[in-house]
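Take a look at the letters that make up each chain.
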Amino acid sequence: MFHHIKDLQFNARVSKPDPQFATLLLEQFGGANGELKAAMQYFVQAFSVRQAYPEKYDMLMDIATEELSHLEIVGATIQMLLNGVNGQLKEAADKSEIMDMLLGKSAKENLIHQATTAPQFGVLTGGGPAVTNCQGVPWSGAFVEANGDLTVDLRSDIAAESRAKIVYEYLMQFTDDPYVKETLKFLMTREVAHMQMFEAALETIKPNFPPGVIQGDPRFSNLYFNMSNGATIRDAWNEGKSTGLAETWQYIEDPAKHVNETDGLLKQPIKGTDATQESVEIKSKELGKKRSQEIRQAVPKGENQWSTYKKDKTPRPK
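Residues numbered from 1 in each chain as written. Predicted model: local features only at pLDDT ≥ 70, side-chain atom pairs only at ≥ 80, totals over all residues. Heavy atoms only, no water.

This brings us to the overall build of the chain. When you go through the chain residue by residue, the secondary structure sums to 12 helices and two strands. If you list the helices and strands of the chain from N to C, you get α-α-α-α-α-α-α-α-α-α-β-β-α-α. Taking contacts inside the chain between residues at least 6 apart in sequence as the whole, the part at least 24 apart equals 78%. Taken as a whole, the chain presents about 19,700 Å² of accessible surface, with 57% of it coming from carbon and sulfur. (Helix = DSSP H or I, 4+ residues; strand = E, 2+ residues; numbered from the N terminus. Contact = heavy atoms within 4.5 Å. Areas by Shrake-Rupley, 256 points an atom, 1.4 Å probe, with all protein chains shown as cover.)

Before going further, it helps to examine the side chain of Asn-226. Assignment of secondary structure puts Asn-226 in the loop between β1 (223-225) and β2 (250-252). Separated by 3.3 Å, the side chains of Asn-226 and Glu-253 make a polar contact. Beyond its immediate stretch of four places on either side in the chain, Asn-226 contacts Tyr-251, Ile-252, Glu-253 and Pro-255. (Polar contact = N/O pair within 3.5 Å; in protein donor to acceptor, adjacent residues only side chain to side chain.)

With that settled, consider the nonpolar core. Counting residues in hydrophobic clusters, the biggest one holds 25 residues, and the most contacted among them are Leu-25, Ile-78 and Leu-184. Looking at this core, the elements with two or more residues in it are α1 (19-25), α4 (54-81), α9 (150-172) and α10 (178-203). For Leu-25, the contacting residues outside a window of four places in its chain are Val-74, Thr-77, Ile-78, Leu-81, Leu-171 and Leu-184. Counting 20 residues, the second-largest nonpolar core is a separate cluster that includes Tyr-57, Met-59, Ile-63 and Leu-202. (Core = buried A, V, L, I, M, F, W, Y, C linked by side-chain atoms within 4.5 Å. Buried < 20%, exposed > 50% of the residue type's maximum accessible area, 1.4 Å probe, protein only.)

From the geometry alone we can't say anything about function, so treat these as descriptive.
Okay, here's the thing in structure tokens:
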């Protein structure tokens with residue numbers, strides 16, 4: 001159940017109309033990394049955790065709802081940046097003004113330039129925002145990432161917030177309007193806040209690496225293949241201990257030779273780890289059983305009900 005409050009979460013303002021920047025800002029309205037994508041992603045992810053992990057459901061729904069608030073801020077800003085465009089289009093039936101604009105080569109070029117930089121507002125939406133990206137490509141449900149496993153979904157969410165933040169950073173370079181920059185900085189900062197929330201939620205799930213339930217094959221989980229020619233680069237990702245499993249990286253200097261010597265890695269020995277085929281199999285089964293029990297215990301058998309409605313025990317006046 002949603003309740004709309006007409007005031008924006010952040011008091012968005014603009015100094016003056018700017019249809020061209022409004023076009024760019026559509027990227028955060030209906031783009032692949034925009035506010036609608038984020039709202040729908042967290043909204044969809046929340047369903048699979050509602051009964052098993054109600055605290056994660058609460059967080060996802062809270063953030064999804066806030067993303068809708070941000071979508072409203074972006075849409076309102078776009079609309080304010082288009083002030084005047086809608087009214088001018090309504091006068092288009094009287095072609096005298098259009099013809100006046102076309103007098104002279106520079107006027108023609110200016111009109112063509114405006115049409116190519118903001119075509120949606122002129123020929124599709126009549127001076128309002130569209131659910132598209134800045135190039136007019138429609139929003140798609142394919143943007144939504146929801147795998148039904150919290151350790152996967154939360155990592156997708158951290159990445160989604162990271163991409164949205166960097167888009168806001170780029171957008172701020174294309175406007176000189178201090179009010180618009182103020183709004184974009186607020187939206188960008190909320191991406192930072194959400195990143196921290198998702199990271200904190202991920203840390204409450206133990207274990208959370210590798211994502212999912214089935215553990216990796218210990219023969220291959222710490223191999224690094226030197227797949228490029230030139231100077232050899234050694235750093236944290238191919239020497240010392242791995243960050244997730246604390247295994248010792250095995251650096252394969254000559255991948256082709258190594259693959260031949262191990263019969264296509266079928267004879268690859270286990271090195272640099274205490275894990276064995278038996279231990280990872282046991283861990284996979286134990287973790288699978290644990291995750292399954294968490295869900296089974298939370299979901300009632302037979303009849304099921306999504307919400308528990310609190311009865312109002314306040315005596316009603318007669």
